[in-house]
Amino acid sequence: MKTRSWHGPRFWAILTLIGLLVPLIAACGGVTTAPPEPGTTTAAPSASPSAAATIAPATATAEATAAPSDTASATATAPAETAEPSATSAPQGSGSTDSSNIPDQLEYGAAAQLYYTDAARVMKLAEIAGLDWVRQQVPWKDTEVPDRTFGFQELDKVVDTVAASNKKLMLSVAKSPDWATGRPGDNGLPQNKEDFGRFVEELAKRYTGKVHSIEIWNEQNLAVENGGRVTEADAGRYVEMLKEAYTRIKAVDPSIAVVVGALSSTGVTEVNTAVDDITYYKAMYTYNNGEIKNYMDAQGFHPATALNPPDALWPDQPGPGPGWQDSRTHYFRHIEDVRQVMVDNGLADKQIWITEMGWATQNNTPGYEYGNSISFEQQAQYLEGALFRTKTQYQDFVGVVFIWNLNFAVTWGTAGNELHEQAAFGILNPDWSPRPAFTAIQGFINAERRGGQ
């Protein structure tokens, strides 16, 4: 990739990173499809955090997605004694009533794994990188039990740690409990939207002033995120759930930015796999005369970059191959297609938030073999190039870009699987040391804030 003039502060950034990391280190002890043959397409892999990590400073391990559900009742707190909004008393959606968390210039973040790890150390590294935000996924199924009490013990720690760091926090809420779907283990959309609405309302109440955005679901156009089956008609079910969530959240704290869950960038439509993302976007945006525009602050987006550089785009500028070349859904610039659909459907005034963006490196997970062709240095170059492209060409409509991901290599390394695909997307090594991508991101953000280009 062509060298940019904002590479100049790189030497300074590395010295800063080394100076800050030395005392820090001293102080601290979905479904994927098989890789396609050239000329075929595939659903993009789900990227829901599920790594295992240690509970610092102890040596015990636990699944890192959330507080274990079998202990939730022992640590549960009863829902606040306030009346639930009724269909008649709840405020109607009309767009955000408080824009304080909708940035007027591009901001930067990273998806982090803060459950069951040294969250303070993660946040210190976020500070070193210059990030404004962190994004933590919250599996609903591990946080609310059938008697409608909540196991918030571990999430409380996460939220308080982020608040102490003065960073903004996005909670990405997904994965229904069995009692809400009526089908064991499917993680899909709930049968009753009111159940989900009550849960996100409780999040807004409990963490008022500490949570700045809530993303409603994750890649809901994938069957694995929707109970094992997905059709275009499910877009309407999703909008109804979004409306319920938006209304309840805004009634508690109008400043919380409500983000429509990012779809998986895929051209595949097959009931047991996925719905083509453009088809699903259109179905959401046209449902019930386009009312979704009144119940959202931004649209989430997940580029499925495979091994394609950030400036490439099929068919005029295809990536290097082999494979993952002949569909625009395999490219970072697919964001341009999504934006056009928004404009065509009257959502030009809504931002896109890139809530996951990354390039995989060497890994041992089937379906992510393309990462074996990307070095750490290429990962850094691609991420830096994507930030540059977003800043220079997309900043009129992109509000926040979240790197996927900050520290998943650390948590997967603790579990003994340093080569899991989620670790492969990380910008830290399993021993907490920075990869070239970390240094590149730090240098870019520092230079951009000092006015360099």
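Residues numbered from 1 in each chain as written. Predicted model: local features only at pLDDT ≥ 70, side-chain atom pairs only at ≥ 80, totals over all residues. Heavy atoms only, no water.

Chemist: Explain the overall build of the chain to me, using residue names and the numbers behind them.
Modeler: Within the chain, the regular secondary structure consists of twelve helices and ten strands. For the chain, the residues scored as buried account for 59% of the 453 residues in total. In the form shown here, the chain has an accessible surface area of approximately 16500 Å², with 51% of it arising from carbon and sulfur atoms. (Helix = DSSP H or I, 4+ residues; strand = E, 2+ residues; numbered from the N terminus. Buried < 20%, exposed > 50% of the residue type's maximum accessible area, 1.4 Å probe, protein only. Areas by Shrake-Rupley, 256 points an atom, 1.4 Å probe, with all protein chains shown as cover.)

Chemist: Describe helix α8 (residues 335-344), with residues and values.
Modeler: Residues Ile335, Asp337, Val338, Arg339, Val341 and Met342 constitute the buried set of α8. Turning to α8, the residues buried within the fold contact α7 (277-286), β8 (298-302), β9 (351-357), α9 (376-394) and β10 (398-403). Glycine 346 sits one or two positions beyond α8 and adopts a positive phi of about 80 degrees. (Contact = heavy atoms within 4.5 Å.)

Chemist: I'd like a rundown of the pairing of strand β5 (residues 168-174), residues and numbers included.
Modeler: The buried fraction of β5 amounts to six of the seven residues, a majority that puts the element mostly inside the structure. With four bridges joining them, β5 and strand β6 (residues 213-216) adopt parallel strand pairing. Across the sheet, residue leucine 171 finds its bridge partner in β6, namely isoleucine 214. (Pairing = 2+ DSSP bridges.)

Chemist: Lay out the nonpolar core with the relevant residues and their values.
Modeler: One finds Leu155, Ile216, Tyr238, Met284 and Met357 to be the most contacted residues of the largest nonpolar core, which totals 112 residues. Not counting residues up to four positions away in its chain, the partners in contact with tyrosine 238 are Leu189, Ile216, Trp217, Gln220, Val260, Gly261, Tyr280 and Met284. Within the second largest apolar cluster, eight residues are counted, among which are Met170, Val259, Trp353 and Phe402. (Core = buried A, V, L, I, M, F, W, Y, C linked by side-chain atoms within 4.5 Å.)

Chemist: Give me the lowdown on the pairing of β9, citing residues and values where you can.
Modeler: The buried fraction of β9 is high, at seven of seven residues. Sheet topology places β9 next to β10; three bridges connect them, and they run parallel. Looking at the pairing, methionine 357 lines up with isoleucine 403 of β10. Viewed along the sheet, the connection from β9 through α9 into β10 turns out right-handed. (Right-handed = clockwise from strand over helix to strand, strands pointing away.)

Chemist: A description of the pattern of salt bridges should follow, citing residues and the corresponding values.
Modeler: In the structure shown here, the tally under the stated rule is 26 salt bridges. The partner of arginine 237 in a salt bridge is aspartate 234, and the shortest N-O contact between them spans 3.4 Å. Here arginine 237 and its partner aspartate 234 are both found in helix α6 (residues 234-252), three residues apart, which amounts to about one turn of the helix. A residue is classified by how much of its surface remains accessible, and aspartate 234, at 10% relative accessible area, is buried. For lysine 243, the salt bridge is made with glutamate 291, and the minimal N-O distance between the two is 2.8 Å. Taken together, the residues lysine 243 in helix α6 and glutamate 291 in the loop between α7 and β8 connect sequence positions 48 residues apart. Across the pair, glutamate 291 and lysine 243 agree in class, each one buried. (Salt bridge = Lys/Arg side-chain N within 4 Å of Asp/Glu carboxyl O.)

Chemist: So, the packing of aromatic side chains: which residues are in play, and what are the values?
Modeler: Using the criterion set out here, one finds 21 aromatic pairs in the structure. Measuring from centroid to centroid gives 5.5 Å for tryptophan 140 and phenylalanine 196, while their planes differ by 70 degrees, and the two rings are edge-to-face. With tryptophan 140 in the loop between β4 (133-139) and α3 (153-164) and phenylalanine 196 in helix α5 (residues 193-206), this pair connects stretches of sequence that are 56 residues apart. We note that tryptophan 140, like phenylalanine 196, is buried. Each residue in the set Trp140, Phe150, Phe152, Trp179, Phe196, Phe199, Tyr207 and Trp217 is aromatic and connected to the rest through ring pairs, giving one cluster. (Phe/Tyr/Trp six-rings, centres within 6.5 Å; stacked < 30°, edge-to-face > 60°.)

Chemist: So what's going on with unusual backbone geometry? Which residues, and what values?
Modeler: For the bond running from tryptophan 314 to proline 315, omega is 5 degrees, close enough to zero to count as cis. For proline 315, the position within the fold is in the loop between β8 and α8. Residues glycine 321 and proline 322 are joined by a peptide bond in cis, for which omega reads 0 degrees. The topology assignment puts proline 322 in the loop between β8 and α8. With a phi close to 60 degrees, asparagine 166 is a non-glycine residue in the positive phi region.

Chemist: How would you explain the side chain of aspartate 276 if you had to name every residue and give the values?
Modeler: Relative to the assigned elements, aspartate 276 resides in the loop between β7 (257-264) and α7. For the buried aspartate 276, no salt bridge exists, and the shortest N-O distance to an oppositely charged side chain is 7.2 Å, to lysine 282. Those residues in contact with aspartate 276 that lie beyond four places of it in its chain are Asn221, Thr266, Gly267, Val268 and Thr269. (Lys, Arg positive; Asp, Glu negative; His and termini not counted.)

Chemist: Explain the packing of α6 against α7 residue by residue, including any values.
Modeler: Between two packed helices, the angle of one axis relative to the other and the distance separating the axes together describe the packing. The interhelical angle for the contact between α6 and α7, taken along N-to-C directions, is 50 degrees, at an axis separation of 8 Å. Considering their axes alone, α6 and α7 lie oblique with respect to each other. Classified by chirality, the crossing of α7 by α6 is right-handed. Packed against α6, whose contacting residues are Asp234, Ala235, Tyr238 and Val239, the element α7 presents Tyr280, Ala283 and Met284 at the interface. Its residues assigned to classes, the contact of α6 with α7 shows six nonpolar, no polar and one charged. (Axes fitted to C-alpha atoms, helices over the stretch in contact; angles between N-to-C directions. Parallel < 35°, antiparallel > 145°, perpendicular 65-115°, else oblique. Left-handed = near helix turned anticlockwise from the far one by under 90°. Nonpolar A, V, L, I, M, F, W, Y, C, P; charged D, E, K, R; others polar.)

Chemist: So, the confidence of the model for the chain: which residues are in play, and what are the values?
Modeler: Per-residue confidence for the chain gives a mean pLDDT of 83; residues scoring 70 or more make up 78%. Overall, residues 1-91 carries pLDDT values under 50, and its contacts beyond four positions in sequence, including any with other chains, amount to 200 contacts. (pLDDT = per-residue confidence, 0-100.)

Chemist: Residues and numbers for the side chain of threonine 305, please.
Modeler: Its location among the elements puts threonine 305 in the loop between β8 and α8. According to the relative accessible area criterion, threonine 305 is buried, its value standing at 3%. Ignoring anything within four residues of it in the chain, the contact list for threonine 305 reads His330, Phe332, Gly358 and Trp359.

Chemist: Break down the sheet that holds β9 for me, with residues and values.
Modeler: The parallel closed barrel is built from eight strands, whose spatial order is β3-β4-β5-β6-β7-β8-β9-β10. Along the sheet, successive strands turn relative to each other by an average axial angle of 30 degrees, direction set aside. The strands touched by α7 within the sheet are β7 and β8, with β7 carrying the most contacts at an inclination of about 145 degrees.

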